Amino acid sequence: MNIESISKKLNSSQQEAIQSPINKPLLIVAGAGSGKTTTLTARLKFLIKNGISLSNIVAITFTNKAANEMKDRILKDSLDTKGLFVGTFHGFGVSILKREAHHLNRNSSFSIFDSNDSKKVIKDLIKKHAINTKQFSPAILIYKIGKIKNNFENLNYLKNSKNQIDKVVANLYEKYEAELTKLNAFDFDDLIHKVVVVWQLKRDVLKKYQDKYQYILVDEYQDVNNSQYKMVKLLAGENQNISVVGDDNQAIYGFRGANFTNFLNFDSDFKNAQVILLTQNYRSTKNIIGAASDVIVCNKIQRPKELWTNNADGSKVKLQECYSKYEESNWLVNNLNKQDLKSTAILYRTNAQSRPLEQSLIENNIPYTIFGGLRFYDRLEIKDLVATMRYAINPQDLVSLDRLDKNLYRTQFNLLKDNLPTWAQKFAPSPLLEKIIKDIDYINTLSKKYPNSFERIENIKELINFAGSFRSTAEFVASISLFESASPKEKNKDDSLKLMTIHLSKGLEFDNVYVVGVNEGLIPHERSLVSQEEIEEERRLLYVAMTRAKKNLSLSFFNIPSRFISEISPKFLSVNIARDLDDEERYIEI
């Protein structure tokens, strides 16, 4: 391996990062598209070149894909990876527990329970201890137990909480842990949590791993949660030979427990840390970088950095106003480059926004793939409600009736079975859906059963909204059936248009990106207007969406434009809007 040949391909900041002293903490603040993975991998190669044994290095990533990419780049340089750990936090945790499970009254042949396994354990405990499942579903209880582990929450505090579910979970937690021990099993959260527990209680065990893994590298450090942070902090110990890379401006996973203040506080946690900024973007055009930078600079909680690029100016960012989400979908379809679908993505804030987009794409015979998710009418809550409508107009539809029987509580099912055909004759589709949802208390059911109930509720609101455009339930159901039958089969996913939420787009890039629904109430989302911190995470979310684009970027909105749009300088924009963004009448009329 020739480190000099590698360095020649890197810019001066990247070279400084990979060649910084190996025996001190290093924080690489890597802006979007700045070669983060390349730099971290080169840093790892630099450690090897300087005589560090592979068995003394641990490189931790968030995904298997990132870990495999790092391994592949090392192998391309004809380097042996035997003895080197490159993998996820959870994979690293498994490797530790295989040796130390006996400290937790398990043996090395332990099972790793997935969410379904954990749910089975919880269901058995609920039955055994007569816990009301209508009030606390297994899924919610598992979610709450996971939060306790990931955040190291105080059980005694929860037991004395005024919140009933906190008390129930705190008491159930100990029973659940005892059951896992009896089954010689760990759940997914344990793979990190239990390592930290052992290291905190057994300092001699911790010292053994501190001596072994003297050099630590961590990818996407802005996304670590409290449990992952504790693992890394303990392992670094007094050596503090730790190199991390990340971007606080791309910290968008607060909702799943990520705590990006760990990133901001790195040089406080690790004394004498060197901080290096990677600000040259290799992905996007100058206009895209300029527009995205105008947005993110407005955040107050961040490590200041100024992204730049040597790429061409490129096309200006398109800003399109539409009168409705339906017009927005039609505008998008008419403006797509049909010859370049594989390099094009449509990004949105919420899953519910996919419905009108999917409808327009299907009507125009444009192949598409929902990346990392389900098509609108394949989502559980939508299939449930569509089943109610089908049975309402056709009581002989035993398939729909069977679905309701399996997915609803007995009292809910009996109410619908007895009344749906009559209700269908009295109500139009939208009021009928609202009555069904209200009378069986469906929203409350979802809230108790699913941690992501707010997403499901947004899908339901979209279905009700769509139903409002039909006079009869029969026409509404027929439209859905035609939609589903016309939906193109996903045979060549790589060649099709990609639809996804902004959260799922992180780490990806496309020649052409359309960000739809850049509205106030969507981004920033209406649920995220309580605090400045929440609004800043929403701003980071739009920044991530914008920086996925390599060549062409379009932002579209209807009704009230997002406050973030007004932060972009007109010099970066090609604008097609009905009236100025600061025109007060648009806000008065809405």
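Per chain, residues are indexed from 1 in the order of the written sequence. Residues qualify for local features only when their pLDDT is at least 70, as the model is predicted, and side-chain atom pairs are given and counted only at 80 or more; totals for whole chains, interfaces and linings, by contrast, use all residues. The side-chain quantities take in all heavy atoms of the structure and omit both hydrogens and water.

> Sorry if this is basic, but what is going on with the side chain of Q240 here?
Secondary structure elements follow DSSP: runs of H or I of four or more residues count as helices, runs of E of two or more count as strands, with numbering from the N terminus. Mapped onto the elements, Q240 comes out in the loop between α12 (226–236) and β7 (242–246). Throughout, a contact is declared for two residues whenever any of their heavy atoms are within 4.5 Å. When neighbours within four sequence positions are excluded, Q240 is seen to be in contact with K24, P25, D269, F270 and K271.

> Would you mind showing me how to read the pairing of strand β14 (residues 549–558) here?
Along any regular strand, the residues point their side chains to alternate faces of the sheet. Burial classes: relative accessible area under 20% of the type maximum marks a residue as buried, over 50% as exposed, and values in between as partly exposed (1.4 Å probe, protein chains only). When you tally the buried positions in β14, you get seven out of ten residues, the bulk of the element. Two elements, strand β9 (residues 317–322) and β14, share five bridges in a ladder whose sense is parallel. Within the sheet, the bridge partner assigned to C322 lies in β14 and is F558. Note on pairing: two strands pair once DSSP finds at least 2 bridges between them. Bridging between strand β13 (residues 510–515) and β14 involves five bridges; their strand directions are parallel. Counted as the bridge partner of V513 is L553 from β14.

> Would you mind going over empty space enclosed by the protein with me for this structure?
Rolled over the atoms, a probe sized like a water molecule indicates the empty space that remains. Only protein atoms enter the 1 Å grid, on which a cavity is a set of points fitting a 1.4 Å probe that cannot get out and a pocket is an open set with protein on both sides within 12 Å along at least 5 of 7 lines, lining residues being those with an atom within 4 Å of a point. Grid points are joined across faces, edges and corners, and a volume is the space filled by probe spheres set on the points. Here the structure, examined in full by the defined rule, presents one cavity of 30 Å³ or more. Elements that contribute at least two residues to the lining of the largest cavity include exactly α18 (380–393) and α22 (442–449). Examining the composition of the lining of the largest cavity, we find that four residues originate from one element, α22, more than from any other. When residues are grouped by polarity, Ala, Val, Leu, Ile, Met, Phe, Trp, Tyr, Cys and Pro land in nonpolar, Asp, Glu, Lys and Arg in charged, and all others, Gly among them, in polar. Residues of the lining of the largest cavity, tallied by class, amount to four nonpolar, two polar and two charged.

> Help me understand the domain arrangement of the chain in this model?
How big an interface is tends to be stated in terms of accessible area lost as the parts join. Where a domain begins and ends is set by an automatic assignment or by a domain database. The domain boundaries assigned to the chain delineate domain 1 (3–97 + 192–278), domain 2 (111–183), domain 3 (286–373 + 491–577) and domain 4 (377–486). If you average the C-alpha positions of domain 3 and of domain 4, the two centres end up 31 Å apart. Taken together, the contact between domain 3 and domain 4 spans 14 residues of the former and twelve residues of the latter. Buried area counts how much accessible surface, traced with a 1.4 Å probe, disappears from two parts once they are put together, with both parts' losses summed. In total, about 1200 Å² of surface goes out of reach between domain 3 and domain 4, with carbon and sulfur atoms giving 49% of it. Of all residues in domain 3, A352, R355 and I362 bury the most surface against domain 4, accounting for 39% of the area lost on that side. Any Lys or Arg side-chain nitrogen found within 4 Å of a carboxyl oxygen on Asp or Glu counts as a salt bridge. Summed over the shared surface of domain 3 and domain 4, the number is three salt bridges. Between E458 and R527 there is a salt bridge, with its nearest N and O atoms 3.0 Å apart. As used in this structure description, the phrase polar contact means that two N or O atoms lie within 3.5 Å; if the pair is within protein, one of them must be able to donate a hydrogen and the other to accept it, and residues adjacent in sequence are counted only when both atoms belong to side chains. Across the domain 3-domain 4 interface, the total number found is ten residue pairs in polar contact (both at pLDDT 80 or more). Going through the elements one at a time, α16 (325–335) and α17 (354–363) are the ones with two or more residues in the side of domain 3 that touches domain 4. Considering every element that reaches the side of domain 3 that touches domain 4, the biggest residue donor is α17, with six residues. Grouping the constituent residues of the side of domain 3 that touches domain 4 by class yields four nonpolar, five polar and five charged.

> I would appreciate a short explanation of the pattern of salt bridges in the present structure.
In total, this model carries 35 salt bridges according to the counting rule given. Across the salt bridge formed by R410 and D405, the nearest N and O atoms sit 2.8 Å from each other. The exposure class of D405 is partly exposed, given its relative accessible area of 29%. Linking K551 and D511 is a salt bridge whose minimum nitrogen-to-oxygen distance equals 3.9 Å. With a gap of 40 residues between them, K551 in strand β14 and D511 in strand β13 connect regions that are remote in the sequence. Each of K36, D219, E220, D223 and K506 takes part in salt bridges that share partners, so that together they form one network.

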